[in-house]
Every structure is written in structure tokens, then in C-alpha cells.
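# Architecture and fold: a report
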Amino acid sequence: MDRAELSITVHRTGDEAVLRLAGEIDMLTAAQLSTIVNEVLTEPPPRIVLDLGGVTFCDSQGLGTLVVLSRKASHAQSLLILTNVGDFLIRVLDITGLRSALMIRNNTCLLYTSPSPRD
């Protein structure tokens, strides 16, 4: 069995940090994603965008990690936004009911905004 791979590139602008992910988000790579997002949160931008266009797989550990990171970002007064979310992952988020816990944006609009922690 091959080890899952996840590559993450980070690009910061004034208002956001964009993390481009390629590969698998699973029990073997979720900690890597957490580490990088936590590093970004040391000086939190208003938005952290996870570009999931290159993600080929996401297991339950990966899903849980996305929810935890969204909450951490919220506590740091930052928004975690998922973009370029593939159909397979949208379906999994719908089936698990986790879509309502995450902010998802396509190229033209925000698909869902989770409640603000101040609500």
C-alpha cells in the first residue's frame, strides 16, 4: 500500500492566505494540514482559503480536521473558506451533514455561510 501524499503551497496576500492542496486528506496527512493552518493562524488573516481543486480523496479524519480548523480559524477571528471543492467531496459533506459546518465558495459566489460564533 502506498503512503498517502498531500502537498500544500501557501500564498499570502493582504487579506487572505490561500493554501492550495493536492493529494489526499486522510489519517496520514491530516496532521500536516493542521500544522500548516495553525502556523497561518499565528498571524491570522481575515480569510484562510483552502483550494481543494487538487484533492483526490478525503476520509473521516480529513473531514473532521476541516471542521476543527474552521472552528480554530473562527476563534482567531478569521474565516476558513473551502474553494474548488470537487463533486465527490460536496457529496460526502452533504451525506455526513458537515456541509452546514463549513464555508464553501465556488468561483462566483459563496455557497454556504456557517453561522458566526457571535450569533
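So, here is what we can say about the structure in this document. Since the structure is predicted, the reported quantities are computational estimates derived from the model, not experimental observations. (Residues numbered from 1 in each chain as written. Predicted model: local features only at pLDDT ≥ 70, side-chain atom pairs only at ≥ 80, totals over all residues. Heavy atoms only, no water.)

Glancing now at the overall build of the protein chain. The number of helices and strands found in the protein chain is 3 helices and 6 strands. In the protein chain, the order of α-helices and β-strands from amino to carboxyl end is β-β-α-β-α-β-α-β-β. Of the contacts formed within the protein chain by residues at least 6 apart in sequence, a portion of 61% connects residues at least 24 apart. By element, 52% of the accessible surface of the protein chain is carried by carbon and sulfur atoms, the whole surface being about 6700 Å². (Helix = DSSP H or I, 4+ residues; strand = E, 2+ residues; numbered from the N terminus. Contact = heavy atoms within 4.5 Å. Areas by Shrake-Rupley, 256 points an atom, 1.4 Å probe, with all protein chains shown as cover.)

Assignment of secondary structure puts Q32 in helix α1 (residues 30–40). For the pair formed by Q32 and S7, sequence separation is 25 residues and the distance between their alpha carbons is 9.2 Å. When sequence neighbours within four positions are dropped, the list of residues in contact with Q32 reads L6 and I8.

What follows concerns the pairing of strand β1 (residues 6–12). Note on strand geometry: in a regular strand, side chains alternate between the two faces of the sheet. Looking at chain direction, β1 and strand β2 (residues 16–25) are connected through 7 bridges and run antiparallel. When the bridges of β2 are listed, I8 appears paired with L21. Hairpin connection from β1 to β2: 3 residues lie between these consecutive antiparallel strands. (Pairing = 2+ DSSP bridges.)

One finds L19, L21, L33, L50 and L52 to be the most contacted residues of the largest nonpolar core, which totals 29 residues. Counting only elements with at least two residues in this core, the list comes to β1, β2, α1, β3 (47–58), α2 (60–75), β4 (79–83) and α3 (87–96). Dropping the residues within four chain positions of it, L21 is found in contact with L6, S7, I8, L33, L50, D51, L52, G54 and V55. (Core = buried A, V, L, I, M, F, W, Y, C linked by side-chain atoms within 4.5 Å. Buried < 20%, exposed > 50% of the residue type's maximum accessible area, 1.4 Å probe, protein only.)

What follows deals with α2. For α2, which comprises 16 residues, the first-to-last C-alpha distance of 23 Å matches the rise-based estimate of 22 Å (1.5 Å per residue) to within 8%. Three or more residues of α2 are buried, namely G62, L63, T65, L66, V67, L69, S70, A73 and S74. Buried positions along α2 lie against β2, α1, β3, β4 and α3. With a side-chain oxygen lying 3.0 Å from the backbone nitrogen of Q61, the N-terminal cap of α2 falls on D59. Note on α2: the residue one or two positions beyond its end, Q77, has a positive phi of about 65°. (Expected span 1.5 Å × (residues − 1). Polar contact = N/O pair within 3.5 Å; in protein donor to acceptor, adjacent residues only side chain to side chain.)

This paragraph deals with the packing of α1 against α2. Between α1 and α2, the least distance of the axes is 10 Å, while the angle of their chain directions is 15°. Between α1 and α2, the angle is such that the two are roughly parallel. Seen from above, α1 lies across α2 with right-handed handedness. Two secondary-structure elements touch here, α1 through A30, L33, S34, V37 and N38 and α2 through Q61, T65, L66, L69 and K72. Each residue belonging to the contact of α1 with α2 can be placed in one class, and the counts come to 5 nonpolar, 4 polar and 1 charged. (Axes fitted to C-alpha atoms, helices over the stretch in contact; angles between N-to-C directions. Parallel < 35°, antiparallel > 145°, perpendicular 65-115°, else oblique. Left-handed = near helix turned anticlockwise from the far one by under 90°. Nonpolar A, V, L, I, M, F, W, Y, C, P; charged D, E, K, R; others polar.)

Fair warning: the whole summary comes from geometry, so function is off the table for now.
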